[in-house]
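# Notes for the structure review
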Amino acid sequence: MAEAREGVRLQKVLAAAGVGSRRACEELIAAGRVEVDGRTVRTQGVRVDPATAVIKVDGMRVTTAEAGLAYLALNKPPGVVSTMTDPEGRPSLADYVEGRKERLFHVGRLDVDTEGLILLTNDGELAHRLAHPSYGVQKTYLAEVHGTVARDVGRQLRAGVELDDGLVKVDSFRVLDRVGRRIMVEVVLHEGRKHVVRRLLKEVGHPVQRLIRTHFGPVALGDLRPGKMRPLTSAEVAQLYQAVDL
Ligand code: URA
């Protein structure tokens, strides 16, 4: 723990990070709900380095602006490649982060035709863990398919479907809406394999016409318009940390 005099008082750092008023933060400290670098702090006035201290409230990580970390959600439009450059000159994620001073990484990829939520951050460890299959972070997709979805499709997908590269199981599947032949289904899974949703739905007889990622772990796309980006809230960042044991 940084106990240097030149640090910033913990309640001030917590308040600046949006945890609550300084008074409320003092109460959290007194109640033993605040941890700095793995140790519970109960005394007032402890100074920390907001750029480096790992601060948690009720076990949830608090991120400070001083750490220079950026956490963004982008609604990727179709036709944009999920890389920072494209040798073929197609629109890429770089077009959306132009002019930003941080060096941002994208967390995983979406197919060029897939739309929706993609996370961008310069927090390398978080990005790495979120993209890593061993942490099993859930992603939710909305897919448009055609035809009639047979009753047992959900059961089949949950039980597991054999693809070229092995068995894939979804966490949940449901039909959300039907307009004529167009059916919107929701698929939740914690797989990160290439084209996995398109391959799965094709395998059960429903090739995807349109695919949108609506959630990445605790983060929802919400009403973010295509091509728009927003900073994640500190609660969303804390939940992402929690999802990958950071
Ligand atoms: N599954 C797909 O098929 N495509 C994506 O872009 C993401 C998941």
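Residues numbered from 1 in each chain as written. Predicted model: local features only at pLDDT ≥ 70, side-chain atom pairs only at ≥ 80, totals over all residues. Heavy atoms only, no water.

## Concerning the overall build of the protein
Going by this rule: A helix here means a DSSP run of H or I that spans at least four residues, while a strand means a run of E at least two residues long, and both kinds are numbered starting from the N terminus. Three labels apply to residues, based on accessible area from a 1.4 Å probe with only protein chains included: buried if under 20% of the type maximum, exposed if over 50%, partly exposed otherwise in between. Contact definition: two residues touch when any of their heavy atoms are within 4.5 Å. Accessibility throughout is a Shrake-Rupley quantity obtained with a 1.4 Å probe, and a residue counts as covered only by protein chains that appear here.
In terms of helices and strands, the protein carries seven helices and 17 strands. With the C-alpha coordinates of the protein rotated into their principal frame, the extents come out at 65 × 40 × 35 Å. Buried positions account for 43% of the 246 residues belonging to the protein. For the protein, long-range pairs separated by at least 24 residues make up 62% of all intrachain contacts whose partners lie at least 6 apart in sequence. Surface accessibility of the protein: about 12,900 Å² in total, with carbon and sulfur atoms responsible for 47%.

## As for the pattern of salt bridges
We count it as follows: Take a side-chain nitrogen of Lys or Arg and a carboxyl oxygen of Asp or Glu: if they are within 4 Å of each other, that pair is a salt bridge.
According to the stated counting rule, one finds 16 salt bridges in the structure shown. For the salt bridge of Glu 115 with Arg 210, the shortest nitrogen-to-oxygen distance reads 2.8 Å. Linking Glu 115 in strand β9 (residues 115-121) with Arg 210 in strand β15 (residues 210-216), this pair joins segments that are 95 residues apart in sequence. Of the charged contacts in the structure, one is a salt bridge between Glu 186 and Arg 174, with a shortest N-O distance of 3.0 Å. Taken together, the residues span a long stretch of sequence, with Glu 186 in strand β14 (residues 182-189) and Arg 174 in strand β13 (residues 172-179) at a distance of 12 residues. With a relative accessible area of 13%, Glu 186 lands in the buried category. Three or more residues joined by partner-sharing salt bridges are found here, namely Asp 165, Glu 191, Arg 193 and Arg 199.

## What to know about the site of the ligand
We count it as follows: The rule for a residue being near a molecule or strand is that one of its heavy atoms must lie within 4 Å of it. Any pair of nitrogen or oxygen atoms within 3.5 Å is treated as a polar contact; in protein, a donor-acceptor pairing is required on top of that, and neighbouring residues in sequence qualify only through side-chain atoms on both sides. Put simply, the grid is 1 Å and covers the protein atoms alone, a cavity is a trapped set of points that fit a 1.4 Å probe, a pocket is an open set with protein on both sides within 12 Å along at least five of seven lines, and lining residues have an atom within 4 Å of a point. Any molecule with more than half of its atoms within 2 Å of a cavity's or pocket's grid points is counted as sitting in it.
Within the structure, the ligand sits among Leu 110, Asp 111, Thr 114, Tyr 141, His 195, Val 196, Val 197, Arg 198 and Leu 211. A distance of 3.2 Å is found between an oxygen atom of the ligand and a backbone nitrogen or oxygen belonging to His 195. Contacts to the ligand include Arg 198, whose backbone N or O atom sits 3.0 Å from an oxygen atom. In isolation the ligand has 240 Å² of accessible area, and contact with the protein removes 96% of it. The cavity where the ligand resides is the largest pocket.

## Section: empty space enclosed by the protein
Note the following rule: Grid points are joined across faces, edges and corners, and a volume is the space filled by probe spheres set on the points. Three residue categories are used. Nonpolar comprises Ala, Val, Leu, Ile, Met, Phe, Trp, Tyr, Cys and Pro, charged comprises Asp, Glu, Lys and Arg, and polar comprises the others, including Gly.
Throughout the structure, instances matching the rule amount to one cavity of 30 Å³ or more. The calculated volume of the largest cavity comes to roughly 40 Å³. Lining the largest cavity we find Tyr 71, Leu 72, Val 107, Leu 119, Leu 120, Thr 121, Leu 126, Leu 130, Leu 232 and Leu 240. If you list the elements that add at least two residues to the lining of the largest cavity, you get β7 (71-76), β9 and α4 (124-131). Class assignment of the residues belonging to the lining of the largest cavity gives a composition of nine nonpolar, one polar and no charged.

## Quick look at unusual backbone geometry
Even without glycine at this site, Asp 58 takes up a positive phi of about 50 degrees. By secondary structure assignment, the location of Asp 58 is in the loop between β5 (55-57) and β6 (60-62). We classify Asp 58 as partly exposed; its relative accessible area is 45%. In this model, Asp 245 sits at a positive phi of 60 degrees, which is unusual for a non-glycine residue. By the element assignment, Asp 245 lies in the segment after α7 (234-243).

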